[in-house]
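# Structural features, examined
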Amino acid sequence: MRVVIMGCGRVGSALALRLGALGHRVAVVDQNPDAFRRLGAFDGERVTGVGFDRDTLVEAGIETADAFAAVSSGDNSNILAARVARETFGVTNVVARIYDPGRAEVYERLGIPTVATVTWAADQVLRRILPQGAASEHTDATGALSLAQVQVHTGWVGTRLSSLEARVGARAAYVVRLGRALLPAPDTVHQDGDQLHLLARTEDLAEVERLLSQPPAAEG
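Not measured: the values here are computed from a predicted model. (Residues numbered from 1 in each chain as written. Predicted model: local features only at pLDDT ≥ 70, side-chain atom pairs only at ≥ 80, totals over all residues. Heavy atoms only, no water.)

A separate point is helix H7 (residues 205–212). Among the residues of H7, those classed as buried are Leu205, Val208, Glu209 and Leu212. On an axial view of H7, the arc spanned by its buried residues comes to 95°, and they lie on one face. Considering only its buried residues, H7 is in contact with strand E8 (145–150), helix H6 (161–168) and strand E11 (195–201). (Buried < 20%, exposed > 50% of the residue type's maximum accessible area, 1.4 Å probe, protein only. Helix = DSSP H or I, 4+ residues; strand = E, 2+ residues; numbered from the N terminus. Arc of directions from axis to C-beta. Contact = heavy atoms within 4.5 Å.)

Put into structure tokens, the structure is as follows:
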């Protein structure tokens, strides 16, 4: 893939180096030439200029790019650059880093994928200070859906995950069993020791966890 990255801060430089190590062709755009020192022995292109300027993007190879990531420190610059990449140059695989969760939700609804830095960081902190299963591993940019590992009472052992889903109102995203991640099949049964990761509406997550923390109620 050919990838253009706007912003050579800590995120942009780390992203560029990882993509380069995977064999992708990468161009990094930043208006501060000193920022490129973070790249070290980087084999890709370094383009000095404003990341939402059309001429700068053309110099970086946006016309043949498969993906564009706007990860500078400015929300406005990132979203403007993402829109230029998508609407002017037709890049379909575009993502923008946004610090303001409210803005991230708006742009997500406009069809521009975003990474809401504040929301992500808050989720990561919660995962480390609250009991296991009490905070989500991931929340979508709108905050409507959450992915979480939940504690499951041993009374659910032997229950098909399809039945578990129906009874708690959530989807089984994946299971970690004996150190291996598995995608649940229709007949997958919850086993002792399984680590269950569920996708649920954020507003329902506490209730889902409550239901799974106790034995399943008898079906009448």
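For Asp75, the location among the structural elements is in helix H3 (residues 75–88). Not counting the four nearest positions on each side in its chain, Asp75 is found in contact with Arg97, Ile98, Tyr99, Asp100 and Arg103.

It is worth spelling out the environment of Val152 at this point. By the element assignment, Val152 lies in the loop between E8 and H6. The sequence separation of Val152 and Leu211 amounts to 59 residues, and the corresponding C-alpha distance is 8.8 Å. Apart from residues no more than four positions distant in its own chain, Val152 is found in contact with His190, Leu196 and Leu212.

Read across the sheet, 6 strands follow the order E3-E2-E1-E4-E5-E6 without closing on themselves; strand pairing throughout is parallel. This sheet does not close on itself; its edge strands, each paired only once, are strand E3 (45–48) and strand E6 (114–116). The average angle at which neighbouring strand axes cross in this sheet is 15°, direction not considered. Examined bridge by bridge, strand E1 (residues 2–6) and strand E4 (residues 67–70) share 4 bridges and lie parallel to one another. Following the sheet pairing, Ile5 is matched in E4 by Ala69. With respect to the sheet, helix H1 (residues 10–21) is in contact with E1, strand E2 (25–30), E4 and strand E5 (93–98), its orientation differing from that of E1 by roughly 165°. (Pairing = 2+ DSSP bridges. Axes fitted to C-alpha atoms, helices over the stretch in contact; angles between N-to-C directions.)

Now for the sheet that holds E8. Taken in spatial order, the 5 strands make up an open sheet running E7-E8-E11-E9-E10, and their pairing is antiparallel. Looking at the sheet topology across the chains shown, the edges are occupied by strand E7 (138–139) and strand E10 (180–182). Bridge count between strand E9 (residues 171–177) and E11: 5 bridges; the pairing is antiparallel. Among the inter-strand pairings, Tyr174 is bridged to a residue of E11, identified as His197. Here H6 sits on the sheet in contact with E9 and E11, set at roughly 135° to E9.

Attention shifts here to the pattern of salt bridges. Across all of its chains, the model carries 6 salt bridges by this definition. Between Glu87 and Arg83 there is a salt bridge whose closest N-O contact spans 3.0 Å. Of this pair, Glu87 and Arg83 are both found in helix H3, 4 residues apart, which corresponds to roughly one turn of the helix. For Glu87, a relative accessible area of 52% corresponds to the exposed category. Using a relative accessible area of 38% as the deciding quantity, one classes Arg83 as partly exposed. A salt bridge links Asp194 to Arg177; the shortest N-O distance between them is 2.7 Å. (Salt bridge = Lys/Arg side-chain N within 4 Å of Asp/Glu carboxyl O.)

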